[in-house]
Amino acid sequence: SKPTRIAVTPGDGIGPDVIQQSLRALDHLRQQYDLLLEWDVFEWPSTEWHRRNGDMMPADAMTRLAGYDAILLGALGDPGPSRDPHRYVLSDSVSLSPLLQMRKGFDQWVCERPAHQLKGARQYLADPRAADTDMLVIRENSEGEYVGQGGRLRQGQPGEIATQTEIFTRFATERIIRFGFERARKRAGERHETGKPRTFGNPDGEQLESQVCLITKRNALRHWGDMYTEVFAEVAKDYPDVATHHELVDAACMKFVQAPWAFDVVVASNLQGDILTDLAAVISGGLGVAPSCNLNPDDRSQPSMFEPTHGSAPDIAGQNRADPTAMLFTTARMLDWLGEERPALARAGHALYSAVAADLAEHGHEERTTDALGDAILARLGGQ
Ligand code: NAD
Ligand code: IPM
Ligand code: MN
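Residues numbered from 1 in each chain as written. Chains lettered and ligands numbered in written order. Predicted model: local features only at pLDDT ≥ 70, side-chain atom pairs only at ≥ 80, totals over all residues.

As recorded in an unreviewed UniProt entry, the chain goes by the name Isocitrate/isopropylmalate dehydrogenase family protein, listed as coming from Vreelandella halophila.

Take a look at the structure:
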């Protein structure tokens, strides 16, 4: 049969540092599990490519990427002029556009960002119950605050007005909410299998085994909030086994810190999901351990994109200091996703996840270089 093909785009800053460790692990897993897996590494999109060619990626980049089964992306983003005025700088709006282009162009309308307190990871919250946190934030990834509509009137004048329009469609709202309920149901099933069911109270007092919490700001942003609320209620009727909950986004921020263990699946808009998931990353032990993926669940012929939650971290780039854990977990999730059609890939993904989690449990608090952590993962996989 055909090999599974991955487009590897290391990108900027620590992107190449951490992706290097993923490629070492993939190389090993390929042999160990006899995987039909191939990858090509691209210099684009990147700020360096932009410097040489005047664009973040070639004109046919999207067409070329479309031929792959998945995209493994390090990080993009130039620090901008505030960090070092002597080096080449490119504004974020230019350097990050490929990221948004891929999400949009390949219709990766789901962004999944799990947050659970991993054994060994740094625990920022003092409450010991935080150790039980296990939530999945689902970020709407196709529209909302990220549609790029608006502009600047009277630019540079004292009377300037900047507008940034948010667009929410019933179509995209329904599919992301339904996806949330499906995930909740699946998680309840998995907890049953492992003998660790949880219960969540429905508003009517019923105790159910999973929950979807909808995030809005419906007290102030009425049009969007009302539509989200209405669609949520409609979709919920199809899932009587899943408890429903709602939080305003400001209160959700507070509760993520105060009682993150009370959440199961959380569905949020594009921008609010972005903000909530950096917060959720800290609950997991920091940006260094938080994976992420951009999925197109409807059309497997389009590549989904796998990238950690963190950015290019220019403050530590090229110093062998970046934590590759988030990237490695992200890579495991990619194998798992691709493995829904090819079980050997899923087994490899599981092995990678277990190796990284075990390494974290044992050495989580130690200061290690990027390479040393990669070495430890290889050794654990049986590669050295
Ligand atoms: P960032 O996530 O790059 O860094 C925030 C802080 O976390 C920094 O102190 C950094 O050193 C630390 N950090 C992040 N990842 C780490 C890791 N793996 N190991 C150890 N420490 C880590 O966010 P930022 O500084 O706000 O943004 C830097 C650039 O990255 C900007 O251009 C931003 O737009 C971009 N960005 C890109 C992506 C992406 O490509 N997916 C995501 C977020 C931000
Ligand atoms: C993320 C990032 C991106 C986002 C930026 C870099 C455009 O913060 O993936 O979380 O806002 O989606
Ligand atoms: Mn973000």
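What follows picks up the thread again.
Student: Would you explain the overall build of the chain in this entry?
Tutor: Along its length, the chain carries 12 helices and 14 strands. The C-alpha atoms of the chain give a radius of gyration of 21 Å, which matches the 21 Å a tight globule of 384 residues would have. The principal-axis extents of the C-alpha atoms in the chain amount to approximately 60 × 55 × 45 Å. By the burial criterion, 43% of the 384 residues in the chain qualify as buried. Looking at the chain alone, contacts between residues at least 24 apart form 75% of all its contacts between residues at least 6 apart. (Helix = DSSP H or I, 4+ residues; strand = E, 2+ residues; numbered from the N terminus. Rg over C-alpha atoms; globule rule 2.2 N^0.38 Å. Buried ≥ 20, exposed ≤ 12 C-beta atoms within 10 Å, placed from the backbone. Contact = placed C-beta atoms within 7 Å.)

Student: I would appreciate a short explanation of the sheet that holds strand β3 (residues 70–75) in the present structure.
Tutor: Hydrogen bonds along the backbone pair up the strands of a sheet, which may run parallel or antiparallel. Strand order across the open sheet formed by 10 strands is β2-β1-β3-β14-β13-β4-β5-β12-β10-β11, with mixed pairing between neighbours. Here the strands that pair on one side only, and so sit at the sheet edges, are β2 (37–41) and β11 (243–248). Here the average twist between neighbouring strands, direction ignored, is 25 degrees. Against the sheet, helix α8 (residues 249–258) engages β10 (211–216) and β11, with an angle of about 105 degrees to β11. (Pairing = 2+ DSSP bridges. Axes fitted to C-alpha atoms, helices over the stretch in contact; angles between N-to-C directions.)

Student: For this particular structure, what's the right way to read the site of ligand 1?
Tutor: Around ligand 1, the structure places 22 residues, and the nearest of them are G77, H310, G311, A313 and D323. Looking at side-chain class alone, the shell around ligand 1 contains 12 nonpolar, 5 polar and 5 charged residues. (Near = placed C-beta within 6 Å. Nonpolar A, V, L, I, M, F, W, Y, C, P; charged D, E, K, R; others polar.)

Student: What is the right way to look at the domain arrangement of the chain in this model?
Tutor: One frequently used descriptor of interface size is the decrease in accessible area upon assembly of the parts. For the chain, the domain assignment lists domain 1 (1–107 + 297–384) and domain 2 (123–284). Each of domain 1 and domain 2 was reduced to a C-alpha centroid, and the two centroids are 26 Å apart. Contact with domain 1, which involves 6 residues of that partner, is made by 7 residues of domain 2. Taken together, the residues of the side of domain 1 that touches domain 2 sort by class into 2 nonpolar, 1 polar and 3 charged. (Domains from an automatic or database assignment.)

Student: Sorry if this is basic, but what is going on with the site of ligand 2 here?
Tutor: The immediate surroundings of ligand 2 are formed by G77, L96, L99, D274, T309 and G311. Residue composition of the shell around ligand 2, grouped by class: 2 nonpolar, 3 polar and 1 charged.

Student: Can you help me understand the environment of E166 in this one?
Tutor: Along the polypeptide, E166 turns up in strand β7 (residues 161–167). Under the C-beta neighbour-count criterion, E166 is labelled partly exposed, with 17 such atoms within 10 Å. Ignoring sequence-local partners within four residues, the contact set of E166 consists of G144, E145 and W224.

Student: Looking at this structure, I do not really get the nonpolar core. What am I missing?
Tutor: One recurring pattern in soluble globular proteins is that nonpolar side chains are buried together. If you look at the biggest cluster of nonpolar residues, it comprises 93 residues, and the most contacted ones within it are I71, V137, I138, V266, V267 and L352. Taken together, domain 1 (1–107 + 297–384) and domain 2 (123–284) each give at least three residues to this core, which thus spans both. Look past the residues within four positions of V267 in its chain and what remains in contact with it is I138, I176, I177, G180, V212, L214 and I215. (Core = buried A, V, L, I, M, F, W, Y, C linked by C-beta atoms within 7 Å.)

Student: Even after reading the chapter, I still don't get the packing of helix α1 (residues 15–32) against helix α10 (residues 325–338), so can you show me in this structure?
Tutor: Packed helices, taken two at a time, are described by the angle their axes make and the gap between the axes. Interaxial distance between α1 and α10 falls to 8 Å at its minimum, and their mutual angle equals 45 degrees. For the element pair α1 / α10, the angle class is oblique. When you trace α1 past α10, the crossing you get is right-handed. Of the residues in α10, those in contact with V18, I19, Q21, S22, A25 and L26 of α1 are M327, L328 and T331. Looking at the contact of α1 with α10, its residues break down into 6 nonpolar, 3 polar and no charged. (Parallel < 35°, antiparallel > 145°, perpendicular 65-115°, else oblique. Left-handed = near helix turned anticlockwise from the far one by under 90°.)

Student: Is there a simple way to explain α10 in this structure?
Tutor: With 14 residues, α10 should reach 20 Å at 1.5 Å per residue; the first-to-last C-alpha distance of 20 Å fits that figure. Across the 14 residues that make up α10, a large majority, 13, are buried. (Expected span 1.5 Å × (residues − 1).)

Student: Help me out: how do you make sense of the environment of F256 in this one?
Tutor: Tracing the chain through its elements places F256 in helix α8. Sequence separation between F256 and C293 is 37 residues; the distance between their C-alpha atoms is 21 Å.

Student: Looking at this model, I keep getting lost on the packing of helix α6 (residues 170–193) against helix α7 (residues 222–236). Mind explaining?
Tutor: One can describe the packing of α6 onto α7 by two numbers: an axis separation of 9 Å at closest approach and a directional angle of 45 degrees. Relative to α7, α6 is oriented oblique. Along this stretch, α6 crosses α7, giving a crossing that reads as right-handed. On the side of α6, the interface is formed by R170, T173, E174, I177, R178 and F181, while α7 contributes M227, Y228, V231, F232 and V235. Within the contact of α6 with α7, the residues separate by chemical class into 7 nonpolar, 1 polar and 3 charged.

Student: Would you explain the environment of T47 in this entry?
Tutor: As for its placement among the helices and strands, T47 is situated in helix α2 (residues 47–53). Sequence-wise, T47 and G13 are 34 residues apart; in three dimensions their C-alpha atoms are separated by 9.3 Å.

Student: Any chance you could explain the pairing of strand β12 (residues 265–268) here in plain terms?
Tutor: Regular strands have side chains that alternate between both faces of the sheet. Because side chains alternate across β12, one face comprises the buried residues V265 and V267, and the other comprises V266 and A268, equally buried. Pairing of strand β5 (residues 134–140) with β12, which is carried by 4 bridges, proceeds in the parallel orientation. Paired with V137 across the bridge in β12 is V266. The pairing of β10 with β12 spans 3 bridges and is parallel. Across the sheet, L214 pairs through a bridge with V267, a residue of β12.

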